[in-house]
Amino acid sequence: MGRLFLTPAVVLILVFSIFPLIASLVMAFTRIRFTGGGFKVRYVAWRNFDKQFFGSEQFHLLGTFGPLSILAWVVGLAATLGLFWWLYRYCRTHFTVVGFIGRLITFAMALFLAWLFAATLLSGRQFGTVGTTLFYVVVGCGLQFLIGTALAFACSQHIRGSRAFRVIFFVPMMITPIGVGYIFRMLADTSKGPFANVWQWAGLGDWSWATDPWAARIFITIADSWQWIPFVFIMMLAGFESVSKDLNEAAEIDGAGKWMTFREIIWPQVLPIAATVMLIRVIEAFKIVDLPNIMTAGGPGIATESVSLQSYYAWRSLDLGSASAIAYILLFITVVICVSFFNLVVLARVRAKP
Amino acid sequence: MSKLLKGTLLALSASLAPALASAEEYDGVVVNILTRPGPVIAQRIVERGEEFKEMTGAEIRVAEVPFAELFQKILTDWATGTKSIDVGVFASGWGVELVSGGLVENLDGYIEKDDKLNPDDIALYFREFNQKVEGSTYFITLDGDFQMLYYRTDVLAEAGLEPPRTWEEYLEVAAAIHGKDMNGDGEADYGSCIFKKRNAQSYFAVQSMAASRVQSKGTAEGLYFDTDTMKPKINNAAWKRAFEIYQETGKYGPADELNQDIGDTRGLVISGRCGLAIDWGDIGPLSIEEGSAIKDKIGAVMMPGSAEVLDTETGELVACNAEICPHAIDGVNFAPFAAFGGWTAAVSKASDDNVKAAAYDFLSYMNQAEQSNVDVTMGWTGYNPYRNSQLDSTDAWVKAGFSQESAENYLSAIKDSLNNPNMASDFRIPGAQQYTGVVLDREVARFLAGEVTVDQALANIEEGWEEITEDFGREEQASMYKLSLGITN
Amino acid sequence: MKYGLFEPRKIGEMAPATKVVLYTLLLAWSLFVIFPIYWLVITSFKTPAAVNEGPFFIPWVDFKPSLHAWRDLFVYDLADTMRAYFNSVVIAFSATVLSVFVGSLAAYSLSRIEFAPNLITILYFVLLLIGASVAIGVYGADLWLTLAIVVAMFFLLARAVGRLYSVRLKNGDILFWIISQRILAPIVVVVPIYMMFQSVRLLDTHLALILTYAVVNLPIVVWLMFDFFNSIPRDLEESAQLDGATMIMTFREVVMPLSRTGLAATTLLVMIFSWNEYLFALFISTSKAQTLPILVAAMNAGERGILWWTMSVAIIIMIIPVVALAVVLQKYISKGLLVGAVKG
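Thresholds, definitions, all that
Residues numbered from 1 in each chain as written. Chains lettered and ligands numbered in written order. Predicted model: local features only at pLDDT ≥ 70, side-chain atom pairs only at ≥ 80, totals over all residues. Helix = DSSP H or I, 4+ residues; strand = E, 2+ residues; numbered from the N terminus. Buried ≥ 20, exposed ≤ 12 C-beta atoms within 10 Å, placed from the backbone. Contact = placed C-beta atoms within 7 Å. Pairing = 2+ DSSP bridges. Axes fitted to C-alpha atoms, helices over the stretch in contact; angles between N-to-C directions. Nonpolar A, V, L, I, M, F, W, Y, C, P; charged D, E, K, R; others polar. Parallel < 35°, antiparallel > 145°, perpendicular 65-115°, else oblique. Left-handed = near helix turned anticlockwise from the far one by under 90°. Core = buried A, V, L, I, M, F, W, Y, C linked by C-beta atoms within 7 Å. Domains from an automatic or database assignment. pLDDT = per-residue confidence, 0-100. Expected span 1.5 Å × (residues − 1). Bend = angle between axes of the 7 residues up to and from the residue.

Draft legend 1. Broad picture of the overall build of chain A. Of regular secondary structure, chain A possesses 15 helices and two strands. On the principal axes, the C-alpha backbone points of chain A span a range of 75 × 65 × 55 Å. A buried classification covers 49% of the 354 residues belonging to chain A. Sequence separation of 24 or more characterises 72% of the internal contacts of chain A that already satisfy a separation of 6 or more.

Shown next as C-alpha cells:
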C-alpha cells in the first residue's frame, strides 16, 4: 500500500523528465528544420558534438588553444601527478570495482578540466563557456557560502531585531532572476546609474565594467550572490538554531574560547546541512542563464557566456541540434562533478560521523 | 452636373458596399496576432483593431512575447499546427524562412481584389523586395526600416562642420566635437553614439558601415554572397574597413558603449548627449516628444557612403568611377542599409479561410494611406514611413509638432535613402538569424572586445557562414538568395 | 570595571565590542540588500527623462515623482496586468500544492519502506524508450502506436529480463535519482516538453504550466521532506498502526500535523521557484496563460530600449505577494528547513 505513495512522483518524473531527456538526446544527433508538415529530422551522427569540441565552435565552448606556457606545464603536471596519487592511494586502501570505476570517471573529468584550465587561461588565452561556468560555480558558490554562513551565524546569536534582519536578508531570493538581472544592470550603468558620480569622482569615467572581461564576470557573480546568499543564509540559520544549546554552554563553562566552541561543537553539527546546501547551490549555479543574458548578453565578446546561455542562444536561432548537444555536454559535466562531490565529500563526511 | 453627382454617389456606394458586407461577414471571427510587447508596434495594432471591429465585427486579439523569442514562437506554432496565431508581426527578413517552409498565405489574390490598398504608393524597395518572395507578395509592411545618420545641427554649426558624407568624415567630425558639452549640463558629452552590445543590434551597425563599400551596382548585387556559388563575400578589405571604423567610433562614445543597446544610445541622443548617432527613423518623431532635449536641434542625412568600393575579383578596395559606381553621388557611393527591413505582417496558411480574409482586410486597413500616414508621424507607434504619400507633404509632420525646417530635413533624408537604387537589402534567406544574429554578431563582439583580430573575425565568419549554408543546402540557399535580391533567372 | 570590553558579561552573551562589530556588519549587509530595492522603487516613480538624465536619488528633492508608470500598468494595460497576475497566482499555487503533495508522499514512503528495484529492468525500460524516440524522431513512426508497443514490450518481458540478472538498488539510490532531476538545465528538456503538450493540445493552458512546475520542483520537495520525515520519531506512527490505522491514515492523522514546519518552509521555497520561473513559461504559454515574469521581460522593448519605469513597477508587484507570504510563514522558515538533516 505504502509503495503506491512513490508512484505518482515516479510517473510524473518519467513523463516530464526522462522522456524529454531521451528525446533531446536523439535531437543532439540530428538537424531539425521546421516546415509546413511539422519538422524535418536528419540524422547527422556526431557532427553537433564534433563542431563543439573540435570544429568551428571549439573556441566558444572550451577556449582558444595554442602552445602551453611554462606555468601551464607546471600546474598541469602537478594536477596530473596529484590525481594519480589520489587514485593510487584509493586502490591501495579500500578497492571495490564500482568505487574504482566511479573514481576513474571523476579522475578523467578532473584531469580534463585541469588541462583545459592550463591550456587556456594559464597560457594567457581566452577560455570558453565551460571555463566561465566553472568560474561562476566555484567563485559564486564559495562567496555565497562564506557570507551566507557568516550572516546566519550572526543572526543565530542573541541579538535584538534578529527577526527583522531575517526578513530583510531573505528578500532578494524572492525576486525573479530576470528582475535581478535588470536591477543590477540599472545599478551598474556608468552614466545614469546611482554610482555614476562615484565613477566620475574616482576617475573611472572612461572605464566601464562591461568592457573588461574579468570585471564583467565578477559583476555577474556579485548579482548572483546578492540573490542566492539568502538561500544559504536561511538554510544555515536553520542549522545553527537547531544546534544543541546545552553542549554549547557547557563548553563555554569549561573555558573553551569562542573559536574553539565554534570549531569543535557547532561546526560538526551543521556540517551535513552545509554540504546539502552547497550541493543544491552548485547544481543551480551550473544552470546560470538569466543573469548573464540580461546584464551583458554574454559580452564583452564571449567573456560572460555560460554553457547554459550558449545552448539558449543556439536554440534561439533554431539550431536545435547544437542546443541539445551543448546542453548534454553541460549535463555530463554537472552530473560528474555533483556526483563526485556527493559521494566523495558529503557521504564521506556523513559516514565519518560517529 | 447630375451625371457627375450620380457618378460620385455610385463610387461612394461602391466603396461603402464591401465595408457593409464585411460587417456581417466577419461577425464572431477572431484574429489572433502575435507581436513584440510594449506600446511600440503592438499598441497601435490594438487601437486600430478596435476601430476595425466596429467596422466589420471581427475581433482583433493581440498577444505579445519578448522580442528575442518572437520568431521561434511563430515558427514553432505554425510548423506544428498549433494554430494559436493567425497573424505574425515581425521582421520581413525572418519571413523567407517561413515562406520556404510553406507556412505563409500568398496574398496576391487578396491584393488583386483590394481597391483601397493602392500598392503603387508603397516605396519601391518595400513593395518589390521587402513584401515579396519569388515575385509574390507574402507580407504587408507596417513599418519601414532603414538606418540613417543623425547629427546635432547646433553642435555642428557651432564647430563650423558639415554633416559627414563618408565614414572617414564621420570619424573626423566625431573627433572634432567629442568632449563638448552639448546639453548645457556642464558635463562633457560624446562625439558619436553607436550601440555595440552583443546580442542586440550591433550587427546592423556594422553592416550599415560595410554596405557602401561592398555594394555599388544596385540592390540586386547584394551584400553577403556570390550569387552563383554562395561563397561569402565577407573576408575582404571592405568588411575589414567596416569593422575597423566601427571599432574606431568607440573612441568618441560613452565608456560602456560595449554594453549599450539601441535603447541606451537612444536615451542618450534624446537627452542631448550625442553629437552624431546612427539609428532607424524613430529619432525624428521622438525628438519632438515631451522631455526631449533635442527638439528642432537634430538633423538627418542618408547613411554615409564611401569613395572606394570592393573589387570582388581581388577582394581589395578600388576608387570609385562612373563605371564601378554607377549610382555614386559626387564620387561617393551610398548604400543605405534596410536594417531589419521593418515590421511586417504575415498571415498563417493554416488558419481558416474567413479568418485569413479578415486578417488580410485588417492588415490592409493598417497599411492604407489614410491610417498609416497618421501613424508614422507619432514616435510612440514605432512606425517609420514607407509610403511615398507619407513623404510628399510635411503637413502631417508639422501638425505632429515638427518645425517646418526639421520636417523637411527629416523627410528628405528618408526620401534620399528610400529612392536610392543602391539600397542594401538585409539578410532574407532561411537561417538569417544564424548568419547574422549568431555568427556575425558574435565575431563583431569578440573583435570589439579585443578577443580576436579583424582578420581572424572575418575568417571565422566565413567559416561559420559556410557551415550554415551547408546545413541548409547550398543549392537551395543560393536560389533563395537570388530570389531575395529579385534575380529571377 | 569588572569586565573587559571583549569579555562577555554572562555565559551565552556577547562582549560589547563584539556586539558593536556584529551590528555594524548586519546593518551594512542590510544596506547592501535594501539599496537595489530602494533604487527599484524610486525608479518606478520616475519619468523617462528622470531616468535617462542621470542619477537622481530622493523623490521631491532631486526629481519630481510621477505615477505614469503605475498608470501604464494599472489603467491602460489593466486587463493584461490582471490576467498575468491571475495566471501567476493560479499556476504557482496549484503547482506548489501538487508538488508538495506528491513529493511528500514519495519522501514519506522512501523514509519508511525499503524499496529494491532491479537496475536491469530499469535499463531495459530506458533502452525501449530510446528505441521508441529514434523510431518516432528519425523514422517518423506514429507516436501513440510506438508508445503502446513500448508499454506492451515492457510488461511482457520485464520479468524475464529481471530474472536474467539482478542488481538491486537501495532507497538512497532512488532518492539520488529523484534529486538528480534537478541537475537538468531546463533548456535540455523544454523543446520535447513543448512538443508533448502540443500533441495533446495543452499548449498555452494553466494545466501545462502547473504540471511542468510541479515536476521541476519535485526533487526539492522530496529532498527536504525526506530529511524532515527521517527526523520525526516513529513511536507515534507505530502505536497508530498497532491500533489498526492504515498507512494513509497514519500519514494524514499523525505525520502531517507533526510536519507543519517542514511543509511550510518547503511550500515557501517551491512557491518562490514557481512564481519566478521564466523559461518554461516563455515556451509553453502564448497569450492566455502568460505569467508575470514574461510581463517583466516584455518591458524590454527591443530597439525602443528598456522601459525601466514600467519594468520596475512589474518587478515590485511581483515581489509583494511573496514577501507577504514569507512574513506569514516566517516563524516556520528558520525552524523548518532541514531540521532532519542535523539529526540524521
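Draft legend 2. Up close: the overall build of chain C. Each helix and strand in chain C was counted, giving 16 helices and zero strands. With the principal axes as the frame, chain C shows a C-alpha extent of 80 × 70 × 35 Å. Counting over 344 residues, chain C shows a buried share of 44%.

Draft legend 3. Structural view of the pairing of strand β3 (residues 87-91) of chain B. Residue and element names in this part refer to chain B. Burial runs high along β3: five of the five residues are buried. Here strand β1 (residues 30-35) pairs with β3 via two bridges, running parallel. By the bridge assignment, I33 is partnered in β3 with V87. Alignment of β3 against strand β13 (residues 343-347), held across five bridges, turns out to be antiparallel. Bridged to V89 within β13 is A345.

Draft legend 4. Inspection of the sheet that holds β13 of chain B at higher detail. Residue and element names in this part refer to chain B. One open sheet holds the five strands; their spatial order is β2-β1-β3-β13-β6, and the pairing between them is mixed. In this open sheet, the two edge strands, each paired with only one partner strand, are β2 (59-64) and β6 (140-141). The strands that helix α2 (residues 39-56) touches are β1, β2, β3 and β13; relative to β2, the one it contacts most, it runs at about 165 degrees.

Draft legend 5. Seen up close, the interface of chain C and chain A. With 81 residues of chain C at the contact, the number on the chain A side is 82 residues. Considering each element in turn, the side of chain C that touches chain A owes the most residues, 13 residues, to helix α15 (residues 308-336) of chain C. Of the residues assigned to the side of chain C that touches chain A, the class counts are 61 nonpolar, 16 polar and four charged.

Draft legend 6. Structural view of the interface of chain B and chain A. The interface is formed by 31 residues belonging to chain B together with 29 residues belonging to chain A. Sorting the residues of the side of chain B that touches chain A by element identifies α3 (70-79), α18 (432-448) and α19 (454-472) of chain B as the ones contributing at least two each. The element best represented in the side of chain B that touches chain A is α18 of chain B, accounting for seven residues. Of the residues in the side of chain B that touches chain A, the class split is eleven nonpolar, eleven polar and nine charged.

Draft legend 7. Structural context of the sheet that holds strand β7 (residues 148-152) of chain B. All names here are of chain B. Spatial strand order, β8-β9-β7-β10: four strands in an open sheet with mixed pairing. The outermost strands of the open sheet, each flanked by one partner alone, are β8 (190-193) and β10 (298-302). Going across the sheet, the axis of each strand differs from the next one's by a mean of 15 degrees, ignoring polarity. Where helix α17 (residues 404-418) meets the sheet, its contacts fall on β7 and β10, and the angle it forms with β10 comes to roughly 15 degrees.

Draft legend 8. Seen up close, the packing of α18 of chain B against α19 of chain B. Residue and element names in this part refer to chain B. Taken N-terminus to C-terminus, the directions of α18 and α19 make an angle of 165 degrees; their axes are 9 Å apart at the nearest point. Here α19 runs roughly antiparallel to α18, going by the angle between their axes. Relative to α19, α18 is oriented so that their crossing is right-handed. In this structure, α18 contributes Q434, Y435, V439, L440, E443, R446 and F447 to the contact, and α19 contributes V454, A457, N460, I461, G464, W465 and I468. Looking at the contact of α18 with α19 residue by residue, the classes come out as nine nonpolar, three polar and two charged.

Draft legend 9. Looking closely at the nonpolar core. Ranked by internal contacts, the top residues of the largest apolar core, which has 347 residues, are M236 of chain A, V31 and F362 of chain B together with V222 and V296 of chain C. With 18 residues, helix α9 (residues 206-231) of chain C is the single largest residue contributor to this core. When residues of this core are assigned to domains, at least three fall in each of domain 1 (16-70) and domain 2 (77-114 + 203-336) of chain C. Counting five residues, the second-largest nonpolar core is a separate cluster that includes A72, A118, A119 and L122 of chain A.

Draft legend 10. Molecular detail of the domain arrangement of chain C. Residues and elements named next belong to chain C. Split by domain assignment, chain C resolves into domain 1 (16-70) and domain 2 (77-114 + 203-336). Each of domain 1 and domain 2 has a C-alpha centre, and the two are 30 Å apart. If you look at the interface, domain 1 gives nine residues, while domain 2 gives seven residues. Within the residue set of the side of domain 1 that touches domain 2, elements represented by two or more residues are α1 (16-43), α2 (48-52) and α3 (68-76). At three residues, the largest contribution of residues to the side of domain 1 that touches domain 2 is made by α1. Tallied by class, the residues present in the side of domain 1 that touches domain 2 amount to six nonpolar, two polar and one charged.

Draft legend 11. Region of the structure containing the confidence of the model for chain C. Residues and elements named next belong to chain C. Across chain C, pLDDT averages 82, with 90% of residues at or above 70. Mean pLDDT across the elements of chain C ranges from a minimum in helix α16 (residues 339-343), with 43, to a maximum in helix α4 (residues 78-112), with 91. Note that pLDDT drops below 50 for residues 338-344; the model gives that stretch 30 contacts with residues more than four away or on any other chain. For this predicted complex, the interface confidence reaches an ipTM of 0.85, while the overall pTM sits at 0.85.

Draft legend 12. Representation of helix α1 (residues 7-28) of chain A in the model. Under the 1.5 Å per step criterion, the end-to-end length of α1 of chain A is 30 Å for 22 residues, consistent within 8% with the ideal 32 Å. Along α1 of chain A, the sharpest change in direction is near 40 degrees and occurs at L14 of chain A.

Draft legend 13. Quick peek at unusual backbone geometry. Residues other than glycine seldom take positive phi values, yet A45 of chain A does so here, at roughly 55 degrees. Structurally, the position occupied by A45 of chain A is in the loop between β2 (38-43) and α2 (47-53). Residue A45 of chain A is classed as exposed on the basis of its 9 C-beta neighbours within 10 Å. Not every positive phi belongs to a glycine, and D330 of chain B is a case in point at roughly 50 degrees.

Draft legend 14. Up close: the environment of A314 of chain C. Residues and elements named next belong to chain C. For A314, the location among the structural elements is in helix α15. When the 26 C-beta atoms within 10 Å are taken as the criterion, A314 is described as buried. Dropping the residues within four chain positions of it, A314 is found in contact with L73, L295, V296 and M299.

Draft legend 15. The arrangement of the environment of A150 of chain A in detail. Residue and element names in this part refer to chain A. Along the polypeptide, A150 turns up in helix α6 (residues 129-156). By C-beta crowding, A150 is classed as partly exposed, having 16 other C-beta atoms within 10 Å. Sequence-wise, A150 and A79 are 71 residues apart; in three dimensions their C-alpha atoms are separated by 31 Å.

Draft legend 16. Representation of the packing of helix α8 (residues 167-177) of chain B against helix α10 (residues 237-249) of chain B. All names here are of chain B. The contact between α8 and α10 brings their axes to 11 Å, and the two run at 10 degrees. One element, α8, and the other, α10, form an angle in the roughly parallel class. In terms of crossing hand, the pair formed by α8 and α10 is left-handed. Between α8 and α10, the residues in contact are W167, L171 and A174 and I245, E248 and T249, respectively. In terms of residue class, the contact of α8 with α10 is made up of four nonpolar, one polar and one charged.

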